[in-house]
Amino acid sequence: MKTIITTLISLSLSTGIYAQTLKVPAASSGTSITQKVGIHDVQLKYNRPNMNGRKIFGGLVPYGSVWRLGANGIPAITLEDAVTIEGHKIEAGTYGLFAIPEKDKWTIIISKKANQWGSYSYSKEDDLLRFDVKPSTLPYAVETYTMAFDNVTPTAAVLSISWDHTQVKLHLTVDQKAEIMASIDSAMATEKKPYMQAAQYYYDNNIDSKKALEWINEMDKQQPNVFYIKYWKAKVQLKAGDKAGAIASSKESLELAKKDNIQEYVNLNNELLKQAGK
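Residues numbered from 1 in each chain as written. Predicted model: local features only at pLDDT ≥ 70, side-chain atom pairs only at ≥ 80, totals over all residues. Heavy atoms only, no water.

A. Up close: helix H7 (residues 263-275). Between its terminal C-alpha atoms H7 stretches 19 Å, which fits the 18 Å expected from 13 residues at 1.5 Å a residue. Every buried residue belonging to H7 is among Tyr-265, Val-266, Asn-269, Leu-272 and Leu-273, and all of these are buried. Down the axis of H7, the sector holding all buried residues measures 130°, keeping them to one side. Exposed residues lying more than 90 degrees from the buried face of H7 are Glu-264, Lys-274 and Gln-275. Summarising the contacts, the buried residues of H7 are in contact with helix H5 (227-239) and helix H6 (243-259). Downstream of H7 by a residue or two, Gly-277 has a phi angle that is positive, lying close to 80°. (Helix = DSSP H or I, 4+ residues; strand = E, 2+ residues; numbered from the N terminus. Expected span 1.5 Å × (residues − 1). Buried < 20%, exposed > 50% of the residue type's maximum accessible area, 1.4 Å probe, protein only. Arc of directions from axis to C-beta. Contact = heavy atoms within 4.5 Å.)

This is the structure:
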C-alpha cells in the first residue's frame, strides 16, 4: 500500500510539473480586438474554433440552442461609452455574448454575465436584452470562426460574425456629438486652439460652415504655405458656397503639393477642382 501511495504521489507531482511547463497550441485560439467607434473604444475578447471538416450550424452548433458565440469562455464585449446595437441602447460596461442560431434567424443575447465557460450554466435571468437578426450565406467557407469590425465610420461600425458559410452582422451606432462639441468649446478656450481639427469636425458633420471657415482661415494665417491646410480650406469654402475661393485655395494647395512631391494631394486637389467646375 505504501508503495502504491508513493507512486500516486509521484505521478501527481510529475503531472503538475508537466502542466506548468508544457506549451502546446490551443485547439481554439484566443484573440482580443479593440476598435474605436467615434472617440471611444469597443473591445472584444473571444476564442476562435476551426471547422476541421465538421458541419457547423445544424451540426456542431445545433439549431435552437443557446451557443456561446465561439469556443471556451463566452465572448466579452467591453463598451467604453454607451453604444446602440441594432436599435438597442447599451450603457458602458462589459457584457457576455450568446446566440440562438436558426436557419432563417439568429437571436442575439447580450448577457450581464461576462465571465462564464461555455453556455452550460447559461441563465435567461442574466440577459440584458435579446434581439433577432437575419443570417446571410457566404459564397465561400470561413475556416476559423471570426468576429470583426467592418464599415467603421465616425459614428458607426458593423460587428460581423462569420463561420463556415454563415455570416451575421450587428450594426453599432454612437451619439457622441454633445461630448465632442463640449470638448471643442473647452479646447477653444485654451491658448493652443485646435483650429484644424475643429474645422474638420464641423465640415464632416455639416455644422456651421461659417464657423468652420473662420477656424480654417486662422490655421491658414498661422501656417500659410502648408498644402493640406490649403486643401482643407478649399473643401470648407466649397461647402460654404464660395466656389471662387475654393478654386483659388485648391490651386495654391496643388502647387505646394507638386513642389513637395506629394502625389496624394495632387490627386485630391485635381478632384476637388473638378467638383468646383474648374
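B. The arrangement of the packing of aromatic side chains in detail. Enumeration according to the criterion identifies 14 aromatic pairs in this entry. Their ring planes at 75° and their centres at 5.5 Å tell us that Trp-67 and Tyr-145 sit as a pair that is edge-to-face. Here the residue Trp-67 occupies a position in the loop between strand E2 (40-48) and strand E3 (76-79), and Tyr-145 occupies one in strand E9 (residues 136-153), the gap between them amounting to 78 residues. Just as Trp-67 is buried, Tyr-145 falls in that class too. When the ring of Trp-67 is compared with that of Trp-163, the centres are 6.1 Å apart and the planes differ by 10°; the resulting orientation is stacked. Taken as a pair, Trp-67 in the loop between E2 and E3 and Trp-163 in strand E10 (residues 156-173) lie far apart in primary sequence, 96 residues in all. The buried category is assigned to Trp-163, whose relative accessible area is 1%. Through pairs of rings, three or more aromatic residues link up here, namely Tyr-46, Phe-57, Trp-67, Trp-106, Tyr-145 and Trp-163. (Phe/Tyr/Trp six-rings, centres within 6.5 Å; stacked < 30°, edge-to-face > 60°.)

C. Inspection of unusual backbone geometry at higher detail. Here Asp-164, not a glycine, exhibits a phi torsion of approximately 60°, which is positive. Relative to the assigned elements, Asp-164 resides in strand E10. Given the relative accessible area of 14%, Asp-164 is considered buried. The phi dihedral of Asp-208 is positive, around 40°, even though this residue is not glycine.

D. Molecular detail of the sheet that holds strand E5 (residues 88-90). Overall, antiparallel pairing links the four strands, which are arranged E5-E4-E10-E9 in an open sheet. Sheet topology places E5 and E9 at the edges, where each strand pairs with a single neighbour. Strand-to-strand twist in this sheet, taken as the mean axis angle between neighbours without regard to direction, amounts to 30°. Alignment of E9 against E10, held across nine bridges, turns out to be antiparallel. When the sheet's bridge partners are listed, Ser-136 is paired in E10 with Gln-167. (Pairing = 2+ DSSP bridges. Axes fitted to C-alpha atoms, helices over the stretch in contact; angles between N-to-C directions.)

E. Broad picture of the nonpolar core. Core analysis: the largest hydrophobic core is formed by 35 residues, its most contacted members being Trp-106 and Leu-170. Looking at this core element by element, the count peaks at seven residues for E10. (Core = buried A, V, L, I, M, F, W, Y, C linked by side-chain atoms within 4.5 Å.)

F. Structural detail: the environment of Leu-170. Note on placement: Leu-170 falls in strand E10. Note: C-alpha distance between Leu-170 and Ala-157 (13 residues apart in sequence) is 8.5 Å. In this structure, Leu-170 is in contact with Ile-85, Glu-86, Ile-108, Phe-131, Val-133, Ala-157, Val-158, Leu-159 and Ile-161, ignoring residues within four places of it in sequence.

G. Summary view of the confidence of the model for the protein. A residue-level look at the protein finds 90% of positions with pLDDT of 70 or above and a mean pLDDT of 89. Between the elements of the protein, mean pLDDT differs from a low of 50, seen in helix H1 (residues 2-21), to a high of 97, seen in E10. Scored below 50 in pLDDT, residues 4-9 shows zero contacts in the model against residues more than four places distant or in partner chains. In the model, residues 11-15 has pLDDT below 50 throughout and makes zero contacts with residues more than four positions away in sequence or in other chains. (pLDDT = per-residue confidence, 0-100.)

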